[in-house]
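# Tertiary structure, described
Next come the chains, spelled out residue by residue.
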Amino acid sequence: MSTTPAVAEPIRIRFNPIVAMLEWFGELGIFVWQVLRAMVTPPFQVAEFVRQLDEIGAKSIPLVALAGSAIGVVLALEARYSLVRFGAKALLPSAIVFSVVTEMSPIVTGLVVSGRVGAGIGAELAAMKVTEQIDAIEASAVDPRKLLAATRILACIVALPLLTLAASFCGVLMGWVASTLVEPISLQRFIETGFRGAGFKDFLPPTFKTCVYGMIIGTVACFQGMRAKGGAEGVGSSATTSVVLSSLFVILADVILVKVILLLFP
Amino acid sequence: MQAIQDSTQAEKNIAETNEPAIVIEDVTKSFGEQRVLDGVSFQVKRGETVAVLGRSGTGKSVLLRIIVGLQPPDSGAALILGTNMATASSADIAAARKQMGFLFQHAALYDSLTVAENVGFPLTHHRQDLSESQRRDRVTELLHEVGLEGHDDKMPSDISGGMQKRVGLARALALDPVVLLLDEPTAGLDPISSGEIDELVLKLQKEHQLASIVVTHDMISAKTIATRIALMDKGKIVIEGSFDDLQKSDERFVSQFIHRDL
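Residues numbered from 1 in each chain as written. Chains lettered and ligands numbered in written order. Predicted model: local features only at pLDDT ≥ 70, side-chain atom pairs only at ≥ 80, totals over all residues.

### Description of the pairing of strand β6 (residues 100-103) of chain B
Residues and elements named next belong to chain B. The condition that has to hold: Burial is judged by counting the other C-beta atoms within 10 Å of a residue's own C-beta: 20 or more makes it buried, 12 or fewer makes it exposed, and any count in between marks it as partly exposed, with every C-beta position built from the backbone. The way it works is that DSSP assigns letters per residue, a run of H or I at least four long becomes a helix, a run of E at least two long becomes a strand, and they are numbered from the N terminus. At least two DSSP bridges between two strands are required for those strands to pair.
Burial along β6 is two-sided: M100 and F102 facing one way and G101 and L103 facing the other are all buried. Here 4 bridges tie β6 to strand β7 (residues 179-183), and the two strands are oriented parallel to one another. Note on β7: the bridge partner recorded for G101 is L180.

In structure tokens form, the structure reads like this:
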């Protein structure tokens with residue numbers, strides 16, 4: 001059954017946001033496919049990947065370490081209050097270690113990196129797009145999806161678990177510092193108590209789930225940046241939407257991955 | 001080496017014979033309701049420079065983007081060294097692009113790279129057979145060719161618009177292209193810098209025997225560097241010929257365009 005143009009136009013306007021969202025997902029799917037194909041086709045852009053690993057990974061360490069430290073301190077103070085009330089003070093090291101390593105550190109790292117790196121990639125690629133630099137790369141017979149997107153996405157995937165480890169380390173360390181300032185406890189005892197009964201299956205899946213966050217942050221930021229339109233406004237808009245969408249998808253992925261991890265590693 | 005290996009038989013044939021390097025066949029392109037190109041056709045042989053002139057928004061830059069394969073035409077074809085840029089495989093398009101040099105309107109230099117790195121960009125990606133020192137020598141040679149020796153380590157933001165265009169030109173020539181596409185090479189430049197760019201393009205034409213298309217508003221520049229001029233209006237080529245042919249034309253639009261500019 002065909003719809004006449006007179007009827008189709010109001011329907012189109014009414015459902016415009018939905019159509020735009022479906023178009024966005026469609027274009028994202030095509031982009032992901034093109035990047036995946038570029039990733040596995042030689043020549044590989046190793047130098048650019050290493051440069052991005054430094055830019056995305058090494059340069060994010062101070063911020064991630066600070067965020068991890070803050071989590072450790074806050075958890076130590078908050079958990080102590082609750083555990084003392086219920087007479088379970090001895091569980092404080094475990095509460096800090098498990099909270100930091102299994103949930104707080106991965107999600108905070110994901111959100112901090114989506115803010116710093118998402119905005120950076122989104123703005124950088126958008127600026128390159130609106131000044132025709134990406135077209136110039138393509139005109140030089142170099143695939144911009146391979147050179148710009150694949151390298152950044154891979155760097156995000158590799159960097160996120162490493163940054164999460166750094167955040168977890170700082171969180172546990174500062175959790176101990178905060179605990180020992182209130183009630184002295186040796187670091188060795190804190191660690192022994194904190195990690196008692198824990199195995200790799202408790203820590204590896206939550207750490208490596210951040211690879212998915214890295215993929216989300218890199219993909220969304222590269223996609224938003226490379227489809228930027230207009231001048232400075234387009235660049236600003238790409239940076240903002242990169243952060244907003246990557247943060248949103250990281251939180252949604254967290255919800256799904258927690259369930260998946262609990263199912264696979266009961 | 002790779003660039004050479006990627007050269008197709010068609011490219012070699014064109015380089016050896018007098019076949020047109022660029023063939024534009026009945027190209028149309030619309031954006032929404034607006035038709036910017038409406039059945040555009042012309043050919044360019046090696047050693048020829050065709051200047052495409054026309055009012056703003058007549059699709060001149062879009063035509064160049066179609067030739068490079070950055071945008072597909074709605075219908076018609078742009079054949080570069082025998083490769084249809086809209087329908088060929090990615091590998092064939094890449095091979096054809098290695099035979100093309102493209103100077104963008106605003107130079108489109110990579111702002112995170114130095115002048116030397118910008119010029120060396122195509123060499124880094126397509127001439128792995130060259131050693132680092134050979135690549136450096138080639139970059140120095142190219143910068144010398146465009147009169148920018150000694151500016152290697154400057155960033156694009158530290159040089160003038162005219163110098164940026166020269167760097168863009170050096171980058172476009174890095175892989176010894178057969179086809180050269182220039183989008184408004186003199187736009188935004190003072191008359192002296194425009195003259196220098198024109199002289200440079202003429203010199204490069206003479207030395208490299210390129211098949212070139214120059215999109216411009218600048219009639220003086222077109223008169224200086226072009227062997228033929230194609231004047232566009234409302235998406236169509238209204239006249240194509242030498243500058244003298246254009247001067248002799250009775251068409252009102254043609255005489256308006258020429259006499260306003262000269």
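### Re the environment of A:T193
Residue and element names in this part refer to chain A. What counts here: Note on contacts: residues are paired as contacts if their backbone-placed C-beta atoms lie within 7 Å.
Tracing the backbone through its elements, the reader meets T193 in helix α8 (residues 187-195). When the 17 C-beta atoms within 10 Å are taken as the criterion, T193 is described as partly exposed. As a C-alpha pair, T193 and A150 span 43 residues in sequence and 42 Å in three-dimensional space. Apart from residues no more than four positions distant in its own chain, T193 is found in contact with P93 and S94.

### A short note on the interface of chain B and chain A
Put simply, the test is: Residue polarity is assigned by list, with Asp, Glu, Lys and Arg as charged and Ala, Val, Leu, Ile, Met, Phe, Trp, Tyr, Cys and Pro as nonpolar; anything else, Gly included, falls into the polar class.
Across the contact, 14 residues belong to chain B and 10 residues belong to chain A. If you list the elements that add at least two residues to the side of chain B that touches chain A, you get α4 (90-98) and α5 (115-126) of chain B. In terms of residue class, the side of chain B that touches chain A is built from 9 nonpolar, 3 polar and 2 charged.

### Thoughts on the sheet that holds β7(B)
Residues and elements named next belong to chain B. Which entries qualify depends on this criterion: Note on geometry: axes are C-alpha line fits, over the in-contact stretch for helices, and angles between N-to-C directions span 0 to 180 degrees.
Spatially, the 6 strands line up as an open sheet ordered β6-β7-β8-β3-β9-β10, and their pairing is mixed. In the strand order of this sheet, the two ends are held by β6 and β10 (236-241), each with one partner. On average, each strand axis in the sheet is tilted by 15° relative to the strand beside it, whichever way the strands run. Sheet topology note: the strand β3 (residues 49-54)/strand β9 (residues 228-233) ladder contains 5 bridges and is parallel. Pairing of A51 across the sheet is with I229, part of β9. The sheet strands contacting helix α7 (residues 161-172) are β6 and β7, and the helix crosses β6 at an angle near 170°.

### Considerations on the nonpolar core
Across soluble globular proteins, you tend to see nonpolar side chains buried next to one another. Operational definition: By definition, a nonpolar core groups buried Ala, Val, Leu, Ile, Met, Phe, Trp, Tyr and Cys residues that connect through C-beta atoms lying within 7 Å of each other.
Formed by 143 residues in total, the largest nonpolar core has its most connected members in B:I67, B:I80, B:A170, B:V179 and B:L181. In this view, B:I80 contacts B:I22, B:I67, B:M85, B:A96, B:M100 and B:V179; residues no more than four positions away in its chain are not counted.

### Remarks on unusual backbone geometry
What is expected of a backbone is that most residues other than glycine have negative phi and most peptide bonds are trans. Put simply, A:P42 and A:P43 share a cis peptide bond, and its omega is 0°. Structurally, A:P43 is set in the loop between α2 (16-39) and α3 (46-57). In the Ramachandran plot, B:D176 falls in the positive-phi region, its phi being about 55° despite a non-glycine side chain. Relative to the helices and strands, B:D176 is located in the loop between α7 and β7.

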